[in-house]
Amino acid sequence: MNFQAPKGVSEYFPPKSSWFEYAIWKLEESALAANYRLIELPIFEDTELFARGVGETTDVVSKEMYTFEDRGGRSITLRPEGTAGVIRSIIEHGLDRGQLPVKVFYKGPFFRAERPQAGRYRQFYQFGIEAVGIDDPLIDAEVIGVAHRAFAKMGLRNFTLKISSLGDQESRRNHRVELLQYLAKLDLDEETRARAEKNPLRIFDDKREAVRKQLQGAPVLLDYLSVESLEKFDLVQEALHKLGIGFEIDPMMVRGLDYYTGTAFEFIHHQLGAQSTICGGGRYDGLMETLGGQSLSGIGFGLGIDRTLLALEAEGIELADRQYLDLFIIPIGDAARMRAVELANEARIGGFVADISYGDRALKGSMKAADKLQAHFVLVLGEDEISSNSGKLKRMSDGSESSITLASLVSELKKLSS
Ligand code: HAM
């Protein structure tokens, strides 16, 4: 029997895996440059954390969670998103009692039992950041800037930033009244109506044409923003201008998770088809309190690494391969094989990437391997080299050879590489 990966997961192996690393590296650089620090959290949490934090009426919680009972009879869920876990950890460890805002970034796999398709996986990778504890529109712009800078550094161009505001409680209360009145007149089935009554905004998630048609002309939250929410939204826009980040205002934006308030945003890539959101995020005022903490606001984003890689591919951008091979040692004979082990180790300790032609490959095959691996230098070790304790370092780019004593391999490599 041949095993296959479970349905709907993405895998990255060399050389493509170095793109994956590179994208995360650029994101980390961008987050670190704005003083975000790593937070490393568990992949599974108490199911209730997501039910309460993300919202029972969301697709994520109602249909897509990987939930199971552990051996102690506890209900456990593989994390479908990162924000609830970050807030749980901040509360649990009292990080919110220290310097605010708490600024953290995280990276890793997330799980949603969605119908797999291009760009939509059941295990996917996110890089995310959260800034928790201070409600300041300038932080909203900073958070957006972290994602934007990283995308720009990777060379992505064909994307649009869309922003909106979901307002404060007052804004949402006023909008809710109008929206419920509007929905009451529509032709909706029982289940949809019941869901809409719990959280009317969720109706905008509905993908069915019959429902979507009826929603044209529905009252839009952006038109109901309180004076304070409007002022904040204006400041976010002003700060984005200062950062030189272009954006569109999208009054119809609906985020798939319930905790959003105030600023909401998405980066949409134009060559990805249906799953085009490469990053999404926004502010959440009530989440910490809902999860049993104090009432502090936060903002963050989750950025899909898988979709970002697809976007890079679609734009024809080849990310640099971070891996390179400085030295490939080709030993011939048993004594040479043991010497190769020593020399490769010396080179590695000396800061070079070194590999050995293992097994009993003939010289010709080993040289082919060196070519394929794009080794910068090759050192062939035969009986003569071992007895004379010397050899020739061959530079593969031009075929030139330098005679060296084996004892000074590292310093010779340093000289030749400078
Ligand atoms: P989200 O919009 O659910 O937000 O996900 C963020 C990003 O993760 C999406 O824009 C997409 O790029 C990627 N993503 C989501 N689901 C999948 C999937 N099934 N396959 C591939 N990629 C996917 C959140 O998760 C929030 N926690 C973001 C946030 C942080 N908001 C505030 N702070």
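This text goes with the structure placed above it.
Residues numbered from 1 in each chain as written. Predicted model: local features only at pLDDT ≥ 70, side-chain atom pairs only at ≥ 80, totals over all residues. Heavy atoms only, no water.

Novice: Help me understand the site of the ligand in this model?
Specialist: Lining the immediate environment of the ligand, one finds 27 residues, of which Glu-81, Arg-112, Glu-114, Tyr-121 and Tyr-260 sit closest. Within the contact set of the ligand, an oxygen atom lies 2.8 Å away from a side-chain nitrogen or oxygen of Arg-112. Coverage of the ligand by the protein chains reaches 96% of its 660 Å² of free accessible surface. No other element matches the seven residues that strand S10 (residues 277-284) contributes to the shell around the ligand. (Near = heavy atom within 4 Å. Polar contact = N/O pair within 3.5 Å; in protein donor to acceptor, adjacent residues only side chain to side chain. Areas by Shrake-Rupley, 256 points an atom, 1.4 Å probe, with all protein chains shown as cover. Helix = DSSP H or I, 4+ residues; strand = E, 2+ residues; numbered from the N terminus.)

Novice: What should I look at first to understand unusual backbone geometry in this one?
Specialist: Glycine aside, residues mostly have negative phi angles, and peptide bonds mostly take the trans form. In this structure, the amide linkage connecting Pro-14 to the following residue, Pro-15, adopts the cis form with an omega of 0°. Relative to the helices and strands, Pro-15 resides in the segment before helix H1 (17-33). The omega torsion of the bond from Leu-100 to Pro-101 falls at -5°, within 30 degrees of zero and hence cis. By the secondary structure assignment, Pro-101 is in the loop between helix H4 (83-92) and strand S5 (102-111). A positive phi angle, near 55°, is found at Gln-374, a position not held by glycine.

Novice: Looking at this structure, how should I read the sheet that holds strand S13 (residues 354-356)?
Specialist: The five strands are arranged S13-S12-S14-S15-S16 in an open sheet whose pairing can be described as mixed. Each of the sheet's edge strands pairs with one partner strand only, and the pair in question is S13 and strand S16 (401-405). When strand polarity is set aside, the average angle formed by the axes of neighbouring strands in this sheet is 25°. Direction of pairing for strand S12 (residues 325-331) relative to S13: parallel, over a ladder of three bridges. Residue pairing in the sheet places Leu-327 in a bridge with Ala-354 of S13. The sheet strands contacting helix H13 (residues 363-372) are S12, strand S14 (375-381) and strand S15 (390-395), and the helix crosses S12 at an angle near 175°. The strands that helix H15 (residues 409-417) touches are S12, S14, S15 and S16; relative to S15, the one it contacts most, it runs at about 25°. (Pairing = 2+ DSSP bridges. Axes fitted to C-alpha atoms, helices over the stretch in contact; angles between N-to-C directions. Contact = heavy atoms within 4.5 Å.)

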